[in-house]
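Remarks on the overall topology
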Number of protein chains: 2
Amino acid sequence: MAVKLLPPTPEQLRPVPGLELGVAMAGVRKPGRKDLLLMRLAEGGTVAGVFTQNRFCAAPVLLARRHLDSGAAPRALVINTGNANAGTGEDGLRRAQTVCAAVAAQLGCAVEQVLPFSTGVIMEPLPADRIVAGLPAAAADLRADNWSDAAQAIMTTDTIPKAASRSLKLGSRTLTITGIAKGAGMIKPNMATMLGFVATDAAVPAGLLHSLLREAADASFNSITVDGDTSTNDSFMLIATGASGVKIASADSPEYAALRDAVMAVSIELAQAIVRDGEGATKFITVTVQGGRDREECRRIGYAIAHSPLVKTAFFASDPNLGRILAAIGYAGVTDLDTSKVDLYLDQVLVARQGGRNPEYREEDGNAVMKQPEITVRVDLHRGPAEATLWTCDFSFDYVKINAEYRT
Amino acid sequence: MAVKLLPPTPEQLRPVPGLELGVAMAGVRKPGRKDLLLMRLAEGGTVAGVFTQNRFCAAPVLLARRHLDSGAAPRALVINTGNANAGTGEDGLRRAQTVCAAVAAQLGCAVEQVLPFSTGVIMEPLPADRIVAGLPAAAADLRADNWSDAAQAIMTTDTIPKAASRSLKLGSRTLTITGIAKGAGMIKPNMATMLGFVATDAAVPAGLLHSLLREAADASFNSITVDGDTSTNDSFMLIATGASGVKIASADSPEYAALRDAVMAVSIELAQAIVRDGEGATKFITVTVQGGRDREECRRIGYAIAHSPLVKTAFFASDPNLGRILAAIGYAGVTDLDTSKVDLYLDQVLVARQGGRNPEYREEDGNAVMKQPEITVRVDLHRGPAEATLWTCDFSFDYVKINAEYRT
């Protein structure tokens, strides 16, 4: 049960000229479901990517990074669900290479121009033969208005496909920004999440595209958590096809500012969609920590709250057992924190003031907030100008059920 | 349902001469249950304590530390369950002082000679008046052979009281070491856990007692986790009454070595009992990380595994979805880890070799281990001589249930 999240209609998802998408049923893990996505990028486009910092990063992550670093202009992305090809060593790398080579042959480009992505179960051999066999069907399906099917083809435990789209008037021309993402568990991205793809038809030089990607990742996928488990496969890609003819020359231009805002909005909408569809989620929680010395300590305290199983089960139960939030603030590792200055709000309700229970706080006020499907926790440290915002969900019976039964 | 943990019988718990215990029903949170424990220490004893490093440490923790630091010889400990007196600011401190003053009056000692401890709900006012009213009954109950009732009087969500006892022959004399502990959730002690009390009738100078306490805490309560939430009230106390007449002069003496071994054994048994009775626990998991450069990195990887909700739900399901363990190793923050050297064992089964699935690993072997109530995860990093062992439990429906309904 996702929290206030509707599946996008195909009409909401604007095609991005210069990029085609095709899906197929390759039977990677189970037959009869869309589990293979191919993206073909027209000549002249640019691609930027950020990847998981998990040391056990998956074979496709290694290979995608290597191909991006080779300087070859990317022409295709190939994504499978059902198998993560992580924890698979040298053999996993060979299987990912086999898939890339087959895509290159299918589309007539060099193998270094193909970027591979995988998601699903870890430490099982990738059925590369079944993926290769599915490629002709995916290629035959390539078209620009295929984002809705694409969003479906990358789902694992997601209950709802995740996509977002914006268009942007720049004088007489229109830019489009459309993206898809997947993820519901093993979500505490560190660089990006498994998997996000955002595309625009602006023309953006590689360096500028990369800095935009970093900024968008930081404000979106790098600010969410479901269970604190950083995946082996997190990848977030930003694609600029250039097909609109709008050239973004520098970060100082008004065109860049407009594009930046739209890319940020799409990225944040996708990242929040992952939390709304977090495994077993019944509540969508915004955690804002302000008054910190720097952003890092605000994020540290925010994550301590967002990861605490005790805080998350209290949200599930709609029980304002809010001392658990104070406990999490206290163990977040900000060793010189003066707790006697800390205020805690639940939406507009001042729960704790100067480190202790607010004398005017009434349990029924906390209860009223806790019953809502969307809740904001705000902590004011009163020791500096910095702040940070994270998004997370609650922790329910269904989280345990989903993850206890994931492979069965 | 605790994992292979039986309640101690009163006969198993040897009295420690020089220490008396008395319990009462003070109605701190609910009427009709033992929730107040008083300990009276004979003159001449020594006490050492370690406390939580949570910045939101509770009022009784602040006060116990202050009284210990005052140099006054402790004569009494007073412990209530049902209310943690944490996140309660100056008012909480005053209420803890009221309780200490009443104990001092009851037993005829100075207020600085009383050490207070509380456990229960956070951020609610301590009903000091009810505790004070219960003190005469607790004082009337004081006796040396009362450890079993004492273990019961400090329980919160514990399903089974936790106690351990050893005796030790030193020539013609016998030393006794007996301890109690409580805790089932909000368990990731940092210095000690809420609450452990171990007593011996050896005579140990304060400095030596403190170093023994630190060593015991490190190997026991500081090596367990249930949910990664470090409590506001963790306290671990070591009491030496001296009533046996056996004087431990220095750390080099054979008497110290024997006492040390017994204190370590009692502390580890109590710490493991907390994990066995962890909220909702159905499995007891030992995590050993070896071949590390230093103990710190072994512990970091061990905690990443022990805290991962995905790993813990897989144990609950008896599902050898062991790639999740590799993912946790990868995000533990050991940034220069060479994953191609990492081996992973489940009991004696080699699951992953050199960073990838062991070609000889068969799913049914993993399954057979996962079905047992006690499981050892062993990771070999092959990069140094250090190792560390932690204990944890799985993550079940009942954990969510217990914590969603804690206050109702």
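Cut-offs used in this document
Numbers given for residues are sequential positions, taken from 1 along each chain in its written order. Written order determines the labels here, with chains lettered from A and ligands numbered from 1. At least 70 in pLDDT is required for a residue's local features to be given in this predicted model, at least 80 for side-chain atom pairs to be given and counted, and no such filter applies to totals for whole chains, interfaces and linings, which use all residues. For helices the rule is a DSSP run of H or I covering at least 4 residues; for strands it is a run of E covering at least 2, with both sets numbered from the N terminus onward. Neighbour counting defines burial: a residue surrounded by 20 or more other C-beta atoms within 10 Å of its own C-beta is buried, one with 12 or fewer is exposed, and intermediate counts give partly exposed, using backbone-placed C-beta atoms. With C-beta atoms placed from the backbone, a contact is any residue pair whose C-beta atoms sit within 7 Å. Throughout the structure description, domain borders are defined by an automatic or database domain assignment. When residues are sorted by character, Ala, Val, Leu, Ile, Met, Phe, Trp, Tyr, Cys and Pro go into the nonpolar class, Asp, Glu, Lys and Arg into the charged class, and all the rest, Gly among them, into the polar class. pLDDT expresses, on a scale from 0 to 100, how confident the predictor is about each individual residue. A least-squares fit on C-alpha atoms brings the copies together, and the residues used are those whose pLDDT is at least 70 in both copies. We call two strands paired when DSSP finds no fewer than two bridges between them. Axis definition: a line fitted to C-alpha atoms, over the contacting stretch in the case of helices. Angles run 0 to 180 degrees between N-to-C directions.

**Examining the overall build of chain A**
Counting secondary structure elements, chain A contains eleven helices and 16 strands. The dimensions of chain A, computed from C-alpha atoms along their principal axes, are 70 × 55 × 40 Å. Expressed as a percentage of the 408 residues in chain A, the buried residues total 59%. Contacts in chain A between residues at least 24 apart in sequence constitute 81% of all its contacts with a sequence separation of at least 6.

**Comments concerning the domain arrangement of chain A**
Residues and elements named next belong to chain A. According to the domain assignment, chain A consists of domain 1 (10–276) and domain 2 (284–404). A straight line from the C-alpha centre of domain 1 to that of domain 2 covers 33 Å. Residue-level contacts link ten residues of domain 1 with eleven residues of domain 2. The set of elements that each furnish at least two residues to the side of domain 1 that touches domain 2 consists of β9 (224–225) and α6 (254–276). Counting residues per element, the side of domain 1 that touches domain 2 draws most heavily on α6, at three residues. Considering only residue class, the side of domain 1 that touches domain 2 consists of three nonpolar, six polar and one charged.

**Comments concerning the confidence of the model for chain A**
Residue and element names in this part refer to chain A. Here chain A averages 91 in pLDDT, while 98% of its residues score no lower than 70. When mean pLDDT is taken per element in chain A, helix α3 (residues 128–140) scores highest with 98 and β9 scores lowest with 80. If you check the scores for this complex, the pTM reads 0.84 and the ipTM reads 0.80.

**Re the relation of the copies chain B and chain A**
Of the two same-sequence chains, chain B is brought onto chain A (RMSD 0.1 Å, axial shift 0.0 Å) by a rotation of 180°. Taken together, the rotation and translation relating the two chain copies correspond to the operation of a two-fold axis. In terms of proximity to the rotation axis, the leading residue of chain B is B:Phe397, whose C-alpha is 2.8 Å off the axis. The share of interface residues of chain B whose copies in chain A are also at the interface is 100%, consistent with both copies meeting through the same surface.

**Quick look at the environment of A:Glu43**
Tracing the sequence through the fold places A:Glu43 in the loop between β2 (36–41) and β3 (46–51). Given 10 C-beta atoms within a 10 Å radius, A:Glu43 is considered exposed.

**Some words on the sheet that holds strand β14 (residues 356–357) of chain A**
Residues and elements named next belong to chain A. The seven strands are arranged β9-β16-β11-β15-β12-β13-β14 in an open sheet whose pairing can be described as mixed. Across the chains shown, the open sheet's two edge strands, defined by having one partner strand only, are β9 and β14. Looking at chain direction, strand β12 (residues 343–346) and strand β15 (residues 374–380) are connected through four bridges and run antiparallel. Note that in β15 the partner of Tyr 345 across the bridge is Arg 378. Those strands touched by α6 are β9, β11 (284–292) and β16 (386–393), and its axis lies near 45° from that of β16. Packed onto the sheet, helix α7 (residues 295–307) meets β9, β11, β15 and β16 and runs at close to 20° relative to β16.

**As for the sheet that holds strand β16 (residues 386–393) of chain B**
Residue and element names in this part refer to chain B. One open sheet accounts for seven strands, arranged β9-β16-β11-β15-β12-β13-β14; its pairing is mixed. Looking along the sheet, the strands with just one partner apiece sit at the ends: β9 (224–225) and β14 (356–357). Two strands pair when backbone bridges link them, and strand β11 (residues 284–292) and β16 are joined in this way by eight bridges, in the antiparallel orientation. Of the residues in β16, the one forming a bridge with Thr 288 is Thr 389.

**Digging into the pairing of strand β7 (residues 173–181) of chain B**
In summary, the side chains of a regular strand alternate between the two faces of the sheet. Most of β7(B) sits inside the fold, with seven of its nine residues counted as buried. Counted between consecutive antiparallel strands, the loop separating strand β6 (residues 162–170) of chain B from β7(B) contains two residues, among which B:Gly171 sits at a positive phi close to 60°.

**Topic: helix α8 (residues 309–316) of chain A**
Extensive coverage of α8(A) is indicated by the burial of eight of its eight residues. With its phi angle positive at about 55°, A:Ser318 sits one or two positions after the end of α8(A).

**Considerations on the interface of chain B and chain A**
Of the residues lining the interface, 54 residues belong to chain B; the matching set on chain A comes to 56 residues. Those elements that place two or more of their residues in the side of chain B that touches chain A are α2 (89–107), α8 (309–316), α9 (323–330), β14 and α11 (397–404) of chain B.

**Brief notes about the pairing of β3(A)**
Residue and element names in this part refer to chain A. Among the six residues that make up β3, six are buried, leaving the element largely enclosed by the rest of the structure. In β3, alternate side chains face the same way, and those of Thr 46, Ala 48 and Val 50 on one face and Val 47, Gly 49 and Phe 51 on the other are all buried. Of the strand pairs in this sheet, β3 and strand β10 (residues 235–240) are connected by six bridges, and their pairing is antiparallel. What sits directly across from Val 47, in β10, is Ile 239.

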